[in-house]
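Structure at a glance
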Amino acid sequence: MANSIADNYLKVSNQIVQTARKAGRSAEDVKLVVVTKGQSVQKIAEVIQAGATDLGENYPEETTQKISEMDQVASAVSWHMIGHLQSRKIKFVVDHFSMMHSIDRPSIAVELNAKLDRSLDVFLEVNLSGEESKGGFQVSNPQTWAMFCETVLGLQKLDRLRIVGLMTMPPYTEDPEASRSVFRLCRELRDFVQKETRLISIAQLSMGTSLDYNVAVEEGATYVRVGEAIMGARDYSKKV
Ligand SMILES: *Cc1c(COP(=O)(O)O)cnc(C)c1O
């Protein structure tokens, strides 16, 4: 609790490097996205000062508000949208975000594409656990994977969106090992999609949070999304 944000940032960064090396992976292949939803602009400035270059947010209006308060500091970093996006909030993503991790349905991809005047790197969010409370493309049954590939090929035709990979969020657990099978399945689905669609550009895996980012790195994550382990507890009263 007494640790500063800078200490936490360094600790998590070093941990990622070590875990990647132990897993026989290159540490440069894992990008740390610091999740700053529900955090003050002061704390966000601290983590940027500590070296963070990529920040993840769930509520685009909250992000837009923060960016306006932060001035130039905000333009020095890349903003990643990681939460469910309602179509009426698309313009915030168009205006401020450089990556979108949570394309969870075809309609949002189509609408986002129509509003963009530039290209945007996106992940398709996949639901591999079958949890009903969770969004994303339903691919918990491997028999749906071939159909998912058809969907991917359709979405690939949207000219402003560049599908760079898959994102997943395992069921909530206190035990990081419990997430391993979901992360592994996500990697297997990525491999399947690459093979079936021949779209080798769909290579990235956005997976792992504060609790289980080490397991995610071991299973091939190329983007981890870590919030509270670096930033401390969120202020949920600010949620919009
Ligand atoms: C909030 C959030 C995170 C970060 O969770 P922490 O437990 O704070 O690390 C990562 N991914 C998504 C999609 C989130 O909503």
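Predicted model, so just to flag it, every value in this text is computed and none were measured. (Residues numbered from 1 in each chain as written. Predicted model: local features only at pLDDT ≥ 70, side-chain atom pairs only at ≥ 80, totals over all residues. Heavy atoms only, no water.)

1. Section: the state of the cysteines
- Counting across every chain of the model gives zero disulfides.
- A disulfide-free cysteine, cysteine 186 has its sulfur positioned 13 Å from the sulfur of cysteine 149, the nearest such atom.
- Judged by relative accessible area, which is 0%, cysteine 186 ranks as buried. (Disulfide = S-S within 2.5 Å. Buried < 20%, exposed > 50% of the residue type's maximum accessible area, 1.4 Å probe, protein only.)

2. Overview of the pairing of strand 4 (residues 99-103)
- Extensive coverage of strand 4 is indicated by the burial of five of its five residues.
- Taken together, the two bridges between strand 3 (residues 78-81) and strand 4 define a ladder with parallel strand orientation. By the bridge assignment, histidine 80 is partnered in strand 4 with methionine 99.
- As paired elements, strand 4 and strand 5 (residues 120-127) share three bridges and run parallel to each other. Following the sheet pairing, isoleucine 103 is matched in strand 5 by leucine 124. (Helix = DSSP H or I, 4+ residues; strand = E, 2+ residues; numbered from the N terminus. Pairing = 2+ DSSP bridges.)

3. So, the layout of surface pockets
- Reported here for the largest pocket is a volume of approximately 690 Å³.
- Considering the residues around the largest pocket, the lining is formed by 29 residues, among which Lys37, Met169, Thr209, Arg225 and Arg234 are closest to the centre. (1 Å grid on protein atoms, 1.4 Å probe; cavity = no way out; pocket = protein on both sides within 12 Å on 5 of 7 lines; lining within 4 Å. Points joined across faces, edges and corners; volume = space filled by probe spheres on them.)

4. Observations regarding helix 1 (residues 5-22)
- With 18 residues, helix 1 extends 26 Å between its outermost C-alpha atoms, agreeing within 8% with the 26 Å of an ideal straight helix rising 1.5 Å per residue.
- Those residues of helix 1 hidden inside the fold are in contact with strand 1 (31-35), helix 2 (41-49), helix 9 (213-218), strand 9 (223-226) and helix 10 (228-231). (Expected span 1.5 Å × (residues − 1). Contact = heavy atoms within 4.5 Å.)

5. So, the nonpolar core
- Among the nonpolar cores identified, the biggest contains 66 residues, and Leu112, Phe148 and Ile230 are the most heavily contacted of them.
- Residue contacts for isoleucine 230: discarding those within four places in its chain leaves Ile5, Asn8, Tyr9, Val12, Leu32, Val34 and Val47.
- With six residues, the next largest nonpolar core counts Met99, Val164, Met167 and Tyr223 among its residues. (Core = buried A, V, L, I, M, F, W, Y, C linked by side-chain atoms within 4.5 Å.)

6. Things to note about the packing of aromatic side chains
- For the structure on display, the rule yields three aromatic pairs.
- Note on phenylalanine 123 and tyrosine 223: the rings are 5.4 Å apart at their centroids and 80° apart in plane angle, and the pair reads as edge-to-face. One end of the pair, phenylalanine 123, is in strand 5; the other, tyrosine 223, is in strand 9, with 100 residues separating them in the sequence.
- The lysine or arginine in question, lysine 91, covers the ring of phenylalanine 92, its NZ or CZ lying 4.0 Å from the ring centre. (Phe/Tyr/Trp six-rings, centres within 6.5 Å; stacked < 30°, edge-to-face > 60°. Lys NZ or Arg CZ within 6 Å of the ring centre and 35° of its normal.)

7. Overview of the site of the ligand
- Contacts to the ligand come from 13 residues, most closely from Lys37, Asn58, Ser210, Gly227 and Arg234.
- In the model, an oxygen atom of the ligand is placed 2.5 Å from a nitrogen or oxygen of the serine 210 side chain.
- Within the contact set of the ligand, an oxygen atom lies 2.7 Å away from a side-chain nitrogen or oxygen of arginine 234.
- A total of 390 Å² of accessible area belongs to the ligand in isolation, and the protein chains cover 87% of it.
- Taken atom by atom, the bulk of the ligand overlaps the largest pocket. (Near = heavy atom within 4 Å. Polar contact = N/O pair within 3.5 Å; in protein donor to acceptor, adjacent residues only side chain to side chain. Areas by Shrake-Rupley, 256 points an atom, 1.4 Å probe, with all protein chains shown as cover. Sits in = over half its atoms within 2 Å of the grid points.)

8. What to know about unusual backbone geometry
- Positive phi, close to 65°, is recorded for aspartate 71, a residue that is not glycine.
- Of note, aspartate 71 is situated in the loop between helix 3 (60-70) and helix 4 (72-75).
- On the accessibility criterion, aspartate 71 (53% relative accessible area) is exposed.
- Of note in this structure, arginine 198 is not a glycine but carries a positive phi near 60°.
- With respect to the secondary-structure elements, arginine 198 resides in the loop between helix 8 (180-197) and strand 8 (204-206).

9. Structural notes on the UniProt feature "domain: Alanine racemase N-terminal" (unreviewed entry) in the chain
- Listed under "domain: Alanine racemase N-terminal" (unreviewed entry) in the UniProt record, and renumbered for this structure, are residues 20-234.
- The span residues 20-234 shows a helical share of 39% and a strand share of 20%, and its end C-alpha atoms are spaced 28 Å apart. (UniProt positions renumbered as here; feature names shortened; annotations may be inferred.)

10. Concerning the pairing of strand 2 (residues 54-57)
- By the alternation rule, side chains of strand 2 split into Asp54 and Gly56 and Leu55 and Glu57, which are all buried.
- Bridging between strand 1 and strand 2 involves two bridges; their strand directions are parallel. Along strand 2, the bridge assignment pairs valine 35 with glycine 56.
- Chirality of the crossover, the property in question, places the unit of strand 1, helix 2 and strand 2 among those that are right-handed.
- Bridging between strand 2 and strand 3 involves four bridges; their strand directions are parallel. Its bridge partner lying in strand 3, aspartate 54 is registered against serine 78. (Right-handed = clockwise from strand over helix to strand, strands pointing away.)

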